[in-house]
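Coordinate analysis (summary)
Chain by chain, the residues run as shown.
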Amino acid sequence: MKILVVTHMYPSQEHPENGIFVQQQVASLQREGVDVDVLHVDVKKSKLLYPWSFVPLQRRTLARRYDIVHGHYVFAGVVARSQFRSPVVVTHHGDEAFFGWQAHLCRLVSRLVDKSIVVTEEIKRSIGLESSVVIPCGVDFEVFKPMDKRLAREQLGLPADKKLVLFVGNYPEWRKRFDIAEDAVAQLKAKGMDLDLVVAYKQVYARVPVYMSACDAMVLASEREGSPQVVKEAMACNLPVVSVDVGDVPEVLAGVKECHVSPRDPTSVAERLALILERCDRSDGREKTRRYELSSIAKRIVKVYEEVLERRRSG
């Protein structure tokens, strides 16, 4: 099976964290025996490269016959659908499926391709296509795993004797709502709790699980998310999580001890953080989220490919 993955998000030397979940999915498919090529057009260099994407796509598909072209995100799906030599699969990852003209484009593209994958049930409802299949991105359980808290703090130069609350991601971006995490921690400090808020932003990927082992809890307060990888990664490290109701987080956290879904306000987040920090226990997230392991997700994607090819042959 020969697959061409088309994406505008993929790790590069300048942006090693960009689209790493796509890279991981490619590698996991290759481990399943799938022959995968990647067409990455790096639009971080220039937005004008979006329309240029059609040119290398046509060159690639004329030079080599692919069984399936798989686009990640809607614009890559448009590019993938510009050829008709191979069937097309598109994966919708995030909030582009919910708002404005991009949401309309997602719904249109989903009906022009051979199969749509969505990472959450919420996205499936948004695009309104019952035939779409829900497959979240997987987590590398070899990278994200628990380690000794003391050693993790020593490695990062973090204080050994304080409670530490972790915030992972692009904190200057308003929709990530770093202000809620800040205010929640400030409220707990005002009540006499000895803790700090630790931010992991633009970190080398391999250091993120070290932060997750070093800290006592993590906060996610975003206004919008698809299927936030950081929550599943925290689960793999047994890090307790307080998150607002966003994306598929309630489903991911369901039944996991020391994890809470909170209203999106600092006081509610602080109350749930206090419950975790007072008990000072780890979660059982790793045990409960094995279904998100990369190889499990890859097998489900291979099954989608096989179904698309079978339908093409029988049609």
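First things first, this report covers the structure right here in the doc.

Reading guide: rules and limits
Residues numbered from 1 in each chain as written. Predicted model: local features only at pLDDT ≥ 70, side-chain atom pairs only at ≥ 80, totals over all residues. Heavy atoms only, no water. Core = buried A, V, L, I, M, F, W, Y, C linked by side-chain atoms within 4.5 Å. Buried < 20%, exposed > 50% of the residue type's maximum accessible area, 1.4 Å probe, protein only. Contact = heavy atoms within 4.5 Å. Axes fitted to C-alpha atoms, helices over the stretch in contact; angles between N-to-C directions. Helix = DSSP H or I, 4+ residues; strand = E, 2+ residues; numbered from the N terminus. Parallel < 35°, antiparallel > 145°, perpendicular 65-115°, else oblique. Left-handed = near helix turned anticlockwise from the far one by under 90°. Nonpolar A, V, L, I, M, F, W, Y, C, P; charged D, E, K, R; others polar. Pairing = 2+ DSSP bridges. 1 Å grid on protein atoms, 1.4 Å probe; cavity = no way out; pocket = protein on both sides within 12 Å on 5 of 7 lines; lining within 4 Å. Points joined across faces, edges and corners; volume = space filled by probe spheres on them. Polar contact = N/O pair within 3.5 Å; in protein donor to acceptor, adjacent residues only side chain to side chain.

Thoughts on the nonpolar core
Core analysis: the largest hydrophobic core is formed by 56 residues, its most contacted members being Phe144, Leu166, Met212, Met218, Val231 and Leu273. Beyond its immediate stretch of four places on either side in the chain, Leu273 contacts Val165, Ala184, Leu188, Ala217, Val219 and Val242. Val41, Leu57, Ala80 and Val113 belong to the second-largest nonpolar core, a separate cluster that totals 24 residues.

Comments concerning the packing of helix α8 (residues 178-190) against helix α12 (residues 266-279)
Viewed as axis vectors pointing N to C, α8 and α12 meet at an angle of 60°, and their least axial separation amounts to 8 Å. Taken together, α8 and α12 sit at an angle that is classed as oblique. α12 is crossed by α8, and the crossing has right-handed handedness. Across the interface between the two elements, Ile180, Asp183, Ala184, Gln187 and Leu188 of α8 pack against Pro266, Thr267, Val269, Ala270, Leu273, Ala274 and Leu277 of α12. Looking at the contact of α8 with α12, its residues break down into nine nonpolar, two polar and one charged.

Considerations on the sheet that holds strand β9 (residues 217-220)
Here we have five strands laid out as an open sheet, ordered β8-β7-β9-β10-β11, and parallel in their pairing. Both edges of this open sheet fall to β8 (195-200) and β11 (260-262), since each of them pairs with a single strand only. Pairs of neighbouring strands in the sheet enclose a mean axial angle of 25°, with direction left out of account. Of the strand pairs in this sheet, strand β7 (residues 163-168) and β8 are connected by six bridges, and their pairing is parallel. Looking across to β8, one finds that Lys163 is bridged to Leu195. Where α8 meets the sheet, its contacts fall on β7, β8 and β9, and the angle it forms with β8 comes to roughly 160°.

Thoughts on empty space enclosed by the protein
Within the structure shown, the criterion is met by one cavity of 30 Å³ or more. Empty space within the largest cavity amounts to approximately 40 Å³. Along its surface, the largest cavity is lined by Gln25, Thr91, His93, Ile117, Val119, Ile135, Pro136, Cys137 and Ile301. The class makeup of the residues in the lining of the largest cavity is six nonpolar, three polar and no charged.

Focus: the side chain of Glu225
Turning to its location among the elements, Glu225 is positioned in the loop between β9 and α10 (229-236). At 2.8 Å, the side chain of Glu225 forms a polar contact with the side chain of Lys176. Here Ser222 takes part through its side chain, which lies 2.8 Å from a polar atom of the side chain of Glu225. Beyond its immediate stretch of four places on either side in the chain, Glu225 contacts Phe98, Lys176, Leu220, Val246 and Gly247.

Everything listed here is a matter of coordinates, which is why it stays silent on function.
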